[in-house]
Every structure is written in C-alpha cells, then in structure tokens.
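# Chains, contacts and geometry: an overview
Next come the chains, spelled out residue by residue.
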Amino acid sequence: EARRIAEEADRADMVIIGYHNLALNLAAADYLDEAVVEARAGLRAARDIGLERRSGPDLSALAGDALTRLGRISEADEAVREGLALDPRGRGTVYLSIVCARLASIRGDFAEADERRAEIDLASLDPDVALRVRSALHRLNTEDGTTLLVTSHDMNEVERLCERVVFLQHGR
C-alpha cells in the first residue's frame, strides 16, 4: 500500500512538473498568454491533488511574470498575492519574490522592492515601464536624496541615471 501511495505521489508531482515546464518554455519563447494559461492550469491541478502549497508559489510566479511582461500589472499583482498566500511565512519562493520585487518597482514602491532584495533590471522591462522606473529612480535620487548604486554595461543608461561614474576593471 505504501508503495502504491508513493507511486501515485510521484505521478502527481510529474503532472505538476509538466505544467510548470510547459509554462516556463512557453514564456521563454514569448508565448506569454499561453504561459499564463498553463501556469494557471497547473495551479488548479496542484489544488486538486493537494500540492498547492508546495507547487503553487512558483506556478503563481510564472503566471505573474508572464502577465507583467504582457503589461497586465493588476492581474500580475493578483497572481503573486495568491502565491504569497500559499506560503505560511508570506515570503514565497525566490522566483516569486523576484516577480514581487519587479512589480513593486513598476509601481514605484522601491521600499518593497528593496525588502525583497531583488535587482531592478531595466533592460528586461518594456520601454514604457523602464521609462517610468527610470523617472521614479531619478525622483528618488533628486527629491529624497537617496543614493543609488547602478551597475550596468549600458553607458547610455549610466549617463541618464548617474552624476558620478566609477569603472571597474578586473574587479578593481
């Protein structure tokens, strides 16, 4: 009986892993709407078989990430809140935390983004969102006097955001 239960658990895990991998591959290929559909289907399947707490946060992160890339920010917020609710600590997985931080930076809530310890990768944002983030960073620096540490290979980006520049070569 124990062996049968273990085999069923393994099959259930494989089903959820299948949804997760399909959604991840669709997102990587920029089939974002389809990635959202598969991530949500995986979350429903995880609920049905009792794996929601273990697999739900990453599936929610996948949906939230794809929705963010689609510019559907309120839906992305809802997806990550759902994922965070599945974690008794309210922190979620690393992936979910990064998606939360990205959403916080899009909303201009840099305190939350900093709390999540995630980098704000302007290069990965849509141009209009990146412009809003840049503007918010500029305001944070000029109006609040907050010092920003920017690391970038994009000299145009550095020129737009920074008053002083330091170059590193070979880690020095």
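Residues numbered from 1 in each chain as written. Predicted model: local features only at pLDDT ≥ 70, side-chain atom pairs only at ≥ 80, totals over all residues. Heavy atoms only, no water.

### What about the overall build of the protein?
This is how the line gets drawn: Here a helix means four or more residues in a row that DSSP labels H or I, a strand means two or more in a row labelled E, and each is numbered from the N terminus. Only protein chains enter the accessibility calculation, which uses a 1.4 Å probe; a residue whose area is less than 20% of its type maximum is buried, one above 50% is exposed, and one in between is partly exposed. What makes two residues a contact is simply this: any of their non-hydrogen atoms within 4.5 Å.
In terms of regular secondary structure, the protein is built from eight helices and zero strands. Moving toward the C terminus, one meets the helices and strands of the protein in the order α-α-α-α-α-α-α-α. When burial is assessed residue by residue, the protein has 37% of its 172 residues classed as buried. For the protein, contacts bridging at least 24 residues in sequence account for 51% of all contacts bridging at least 6.

### Overview of the pattern of salt bridges
Basically, it comes down to this: Note on definitions: salt bridges are taken to be side-chain nitrogens of Lys or Arg within 4 Å of carboxyl oxygens of Asp or Glu.
Per the counting criterion, the structure on display carries nine salt bridges. Close ionic contact of R72 with D33 constitutes a salt bridge, the shortest N to O distance being 2.8 Å. Here the residue R72 occupies a position in the loop between α3 (52-69) and α4 (73-85), and D33 occupies one in helix α2 (residues 32-48), the gap between them amounting to 39 residues. Take R72: its relative accessible area is 28%, and that puts it in the partly exposed class. With a relative accessible area of 41%, D33 lands in the partly exposed category. Residue E82 is joined to R47 by a salt bridge in which the shortest nitrogen-to-oxygen separation is 2.0 Å. On the criterion of sequence distance, the pair formed by E82 in helix α4 and R47 in helix α2 is long-range, its members being 35 residues apart. When its relative accessible area of 30% is taken as the criterion, E82 is described as partly exposed. Classification of R47 by relative accessible area gives partly exposed; the value is 35%.

### Section: α4
Selection criterion: Here the expected length of a helix is defined as 1.5 Å per residue gap, with one fewer gap than residues. This arc is taken over the directions from the axis of the helix to the C-beta atoms.
In a regular helix each residue adds 1.5 Å, so 13 residues correspond to 18 Å; α4 covers 18 Å between its end C-alpha atoms and thus fits that length. Turning to α4, its buried residues are I73, A76, D77, A79, V80, G83 and L84. On an axial view of α4, the arc spanned by its buried residues comes to 165°, and they lie on one face. Among the exposed residues of α4, those pointing more than 90 degrees away from its buried face are S74, E78, R81 and A85.

### As for the confidence of the model for the protein
Put simply, the rule reads: Confidence scores labelled pLDDT are given residue by residue by the predictor and lie between 0 and 100.
Overall, the prediction assigns the protein a mean pLDDT of 81, with 80% of residues at 70 or greater. Between the elements of the protein, mean pLDDT differs from a low of 66, seen in helix α6 (residues 110-115), to a high of 94, seen in α2.

### Focus on the side chain of D65
Its place among the elements puts D65 in helix α3. D65 has contacts with Y95, V99 and R102, leaving out every residue within four places of it along the chain.

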